[in-house]
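Descriptive analysis of the structure
Chain by chain, the residues:
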Amino acid sequence: MLVIVALAVSKSKHLPGAPAIGDGCLVHSSEFDVPLSTDQAGLAATIAGVANARTLPGRAVTIAYATALQESDLANLPYGDRDSVGVFQQRPSQGWGTRRQLLNPVYASTRFFAALAAIPGYLKLPVYRAAQDVQRSADGSAYSQYAPQGAVMATGFTGMAARSVWCWYGSGIRGRGRLAAADRALTSAFGPLGVRHVGDPVVTVRVRNRAAGWAVACWLVTHAVSYRINTVRFAGYQWLASRGQKGWTKARPSRHWPAGRLTVAFG
């Protein structure tokens, strides 16, 4: 997969429908937009899913993103300083887990959030301080540069801002959907969900609230190529892989696509 969208923050507003070349994702906000590669966005969605499973607030996700951006540029690295690996560059020799475990983003995120939640009053600490208390890196102040970007990303990926994350795949999505595999991976990140196969090929996910629904929808869109997902629907809107650069658009009612208020459908 050729990724030509750099990790950067744009101060200009993104206009859905503008030409998009190659593959990429965007987190849109009224403050600024955050372009990401599809791999970065997939990891961000998984981190938000783990936070959702633990019912952690958006501030915790902001801290996690600032940490991951500084440590690995939000990549699941198989190498690092000394024995550090993974998106948070955790070290097996420091008791974080085995190398294989730490290369699993769900496990790595779970361990990160467990360590973060153990810090007294972490929600009131500056982002860099909370991140440093978890990581104990050489220069804790470096995390602060990613706090604004992490906050915008957290608002989008946790679903606090609806329809603010989307992706486009210039290479296209081919082949039959791997929806059962998507179900398993989604459940691994978010924990038990009300997943139901209602058609061929349509799967629905029952969520507890609208924010959780948009977080699930973000995960599905950012993993669309891996699981050959062409359509995601939620709360009256849809994302289509064939027109991914347009973002989320109004969905027309259809008997093939369940329209429950707290139901995410994909296929």
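In this text the structure is predicted, and so the values were computed from the model without any measurement. (Residues numbered from 1 in each chain as written. Predicted model: local features only at pLDDT ≥ 70, side-chain atom pairs only at ≥ 80, totals over all residues. Heavy atoms only, no water.)

Glancing now at the overall build of the protein. From N to C terminus, the protein includes nine helices and nine strands. In summary, the protein has a C-alpha radius of gyration of 18 Å against a globular reference of 18 Å for 267 residues, a match within 12%. Dimensions of the protein along its principal axes, counting C-alpha atoms only, are 55 × 40 × 35 Å. Every one of the 267 residues in the protein was classed for burial, and the buried ones make up 51%. Across the protein, every contact between residues at least 6 apart in sequence was considered, and the portion connecting residues at least 24 apart equals 62%. Taken as a whole, the protein presents about 12,200 Å² of accessible surface, with 51% of it coming from carbon and sulfur. (Helix = DSSP H or I, 4+ residues; strand = E, 2+ residues; numbered from the N terminus. Rg over C-alpha atoms; globule rule 2.2 N^0.38 Å. Buried < 20%, exposed > 50% of the residue type's maximum accessible area, 1.4 Å probe, protein only. Contact = heavy atoms within 4.5 Å. Areas by Shrake-Rupley, 256 points an atom, 1.4 Å probe, with all protein chains shown as cover.)

What follows is about the nonpolar core. Membership of the largest hydrophobic core comes to 84 residues, with the highest contact counts inside it found for Phe113, Leu116, Met153, Phe157 and Val232. The greatest single-element share of this core, amounting to nine residues, is contributed by helix α8 (residues 210-222). Apart from the residues within four sequence positions on either side, Val232 is in contact with Ala217, Leu220, Val221, Tyr237, Gln238, Trp239, Trp248, Val264, Ala265 and Phe266. (Core = buried A, V, L, I, M, F, W, Y, C linked by side-chain atoms within 4.5 Å.)

To continue, consider the sheet that holds strand β5 (residues 202-206). Pairing in this open sheet of six strands is antiparallel, and the strands run β4-β5-β9-β6-β7-β8 from one edge to the other. The sheet is open, and its two borders are formed by β4 (194-199) and β8 (249-250), each paired with just one other strand. Relative to strand β7 (residues 237-240), strand β6 (residues 231-234) is paired through four bridges, and the arrangement is antiparallel. Among the inter-strand pairings, Arg233 is bridged to a residue of β7, identified as Gln238. Against the sheet, helix α7 (residues 179-190) makes contact with β4, β5 and β9 (263-266), and its axis sits at roughly 165° relative to β4, the strand it touches most. In the packing of α8 onto the sheet, contacts are made with β5, β6, β7 and β9, and the angle to β6 comes to roughly 175°. (Pairing = 2+ DSSP bridges. Axes fitted to C-alpha atoms, helices over the stretch in contact; angles between N-to-C directions.)

On to the environment of Thr263, then. Among the structural elements, Thr263 can be located in strand β9. Discounting chain neighbours no more than four positions away, the residues touching Thr263 are Thr204, Val205, Arg206, Arg233 and Phe234.

As for its position among the elements, Gln89 is in the loop between α2 (58-72) and α3 (99-102). Separated by 3.1 Å, the side chain of Gln89 and the backbone oxygen of Tyr79 make a polar contact. Excluding its chain neighbours within four sequence positions, the residues that come into contact with Gln89 are Glu71, Ser72, Leu77, Tyr79, Gly80, Asp81 and Ser84. (Polar contact = N/O pair within 3.5 Å; in protein donor to acceptor, adjacent residues only side chain to side chain.)

What follows deals with the sheet that holds strand β1 (residues 23-27). The three strands are arranged β2-β1-β3 in an open sheet whose pairing can be described as antiparallel. Each edge of the open sheet is held by one strand with a lone partner, namely β2 (34-36) and β3 (165-169). Strand-to-strand twist across the sheet, computed as the mean angle between neighbouring axes with direction ignored, equals 20°. Sheet analysis places β1 next to β3, joined by five bridges and oriented antiparallel. Across the sheet, the residue bridging to Val27 is Val165, located in β3. Those strands touched by helix α6 (residues 147-157) are β1, β2 and β3, and its axis lies near 75° from that of β2.

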